Amino acid sequence: MNDKKSKIEVSSTAEHNILPAAGEDIFLLNSNKNNIETGRTQLKEDRRAADRAAKQIKWEQRMRRKKSREEKARKEAEQKNAAIRAIHEKYMRAALAEAQKAAALREVPIGCVIVKEGRIIARGYNRRNTDANTLSHAELNAIREASHALGDWRLEGCTIYVTLEPCQMCAGAIVQSRIDEVVIGCMNPKAGCAGSVLNLMQVPAFNHQVKITRGILEKECSHLISSFFEQLRSEKSG
């Protein structure tokens, strides 16, 4: 009996010793599984973070390239516009020189030149009172001279530079003569027909429209006109 009891106690003790060991193994196994799962989750998150970082870098690189292209295009446009403006100012100064001729005759100082292929082919200035002729405006005088120089009433490919916005008569003549572009010094709010009172240059129903560039040497052109009329008023009041 003692031997059986002893064996039962040994067996019971062994079972008690085995059960905790098995529990520890199961705990360790579960712990390892959790660690593996956590590692996989972390790896996925790291990969997603790396993908987001890579996409961000690529986006920033695209934005830098886009900004660089835009900046280059902007500088090229500025250079082109500056070059065009320099050309416009060159010929507007020639038109101002014609306006001074009108001022010398005590005419309203309006002058213009017509340019084709980088060359002045005609000049004109206001001679309405001198010639006692309503048609003797600067633009009409220049158009007449240009037509004679080219042997054609069509002035296609030409640009007219005028110190003051053309009136309705001159605007109509510019359209009729098929001039490509008019470059204006200062606007004429009381009688101008290139945008001030009317815009006869760009009527869609007409068979020809003229490109308009405004504000070239505007201060100089405006000062010439205003100083002329100030002098007239001063003379009358004196």
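Residues numbered from 1 in each chain as written. Predicted model: local features only at pLDDT ≥ 70, side-chain atom pairs only at ≥ 80, totals over all residues. Heavy atoms only, no water.

Any chance you could explain the nonpolar core here in plain terms?
In this structure, M92, I114, Y161, I174, V182 and M201 are the most contacted members of the largest nonpolar core, which totals 45 residues. For this core, the secondary-structure elements that each account for two or more residues are α1 (2–104), β1 (111–116), β2 (119–125), α3 (138–150), β3 (158–164), α4 (168–176), β4 (181–186) and α5 (218–237). When residues no more than four places from it in sequence are discounted, the contact partners of M92 are Y161, V162, T163, V183, I184, G185, I216, L217 and C221. (Core = buried A, V, L, I, M, F, W, Y, C linked by side-chain atoms within 4.5 Å. Buried < 20%, exposed > 50% of the residue type's maximum accessible area, 1.4 Å probe, protein only. Helix = DSSP H or I, 4+ residues; strand = E, 2+ residues; numbered from the N terminus. Contact = heavy atoms within 4.5 Å.)

Mind showing me how you'd approach the sheet that holds β2 here?
Read from one edge to the other, the open sheet built from five strands follows the order β2-β1-β3-β4-β5, with strand pairing classed as mixed. Unpaired on one side and paired on the other, β2 and β5 (211–213) mark the two borders of the sheet. Strand-to-strand, the axes of this sheet are offset by a mean angle of 20 degrees, without reference to chain direction. For β3 and β4, the ladder comprises five bridges, and the chain directions are parallel. Among the inter-strand pairings, Y161 is bridged to a residue of β4, identified as V183. In the packing of α3 onto the sheet, contacts are made with β1, β2 and β3, and the angle to β2 comes to roughly 145 degrees. (Pairing = 2+ DSSP bridges. Axes fitted to C-alpha atoms, helices over the stretch in contact; angles between N-to-C directions.)

In this structure, what is going on with the side chain of T159? I would like to understand it.
Here T159 is to be found in strand β3. Setting aside residues no more than four positions away along its own chain, T159 makes contact with V113, I114, V115, I179, E181 and V183.

When you look at the packing of aromatic side chains in this model, what are you seeing that I'm missing?
Two measures describe an aromatic ring pair: the distance that separates the ring centres and the angle between the ring planes. A full pass over the atoms with the stated rule returns two aromatic pairs. Pairing Y91 with Y161 gives two aromatic rings, centres 5.4 Å apart and planes at 45 degrees, and the pair type is tilted. Here Y91 is found in helix α1, whereas its partner Y161 is found in strand β3, with 70 residues between them in sequence. With respect to class, Y91 is no different from Y161; both count as buried. (Phe/Tyr/Trp six-rings, centres within 6.5 Å; stacked < 30°, edge-to-face > 60°.)

Could you clarify how one ought to interpret unusual backbone geometry in this entry?
Glycine aside, a negative phi is what most residues show, and trans is what most peptide bonds show. Despite not being glycine, A132 shows a phi value in the positive range, around 50 degrees. Examined against the element boundaries, A132 turns out to sit in the loop between α2 (128–131) and α3. Positive phi outside glycine occurs at L217, with the angle close to 50 degrees. Positionally, L217 belongs in the loop between β5 and α5.

In this structure, what is going on with the state of the cysteines? I would like to understand it.
Disulfides are covalent bonds that connect the sulfur atoms of two cysteines. Here the structure, examined in full by the defined rule, presents zero disulfides. The structure places no disulfide on C221, whose sulfur is separated from the nearest cysteine sulfur, that of C186, by 5.5 Å. (Disulfide = S-S within 2.5 Å.)

Looking at this structure, I do not really get the environment of V197. What am I missing?
Mapping V197 onto the fold places it in the loop between β4 and β5. C-alpha of V197 to C-alpha of C167: the two residues are 30 residues apart in sequence and 9.3 Å apart in space. Setting aside its immediate chain neighbours within four residues, V197 contacts P189, K190, A191 and G192.

In short, geometric facts, not functional conclusions.
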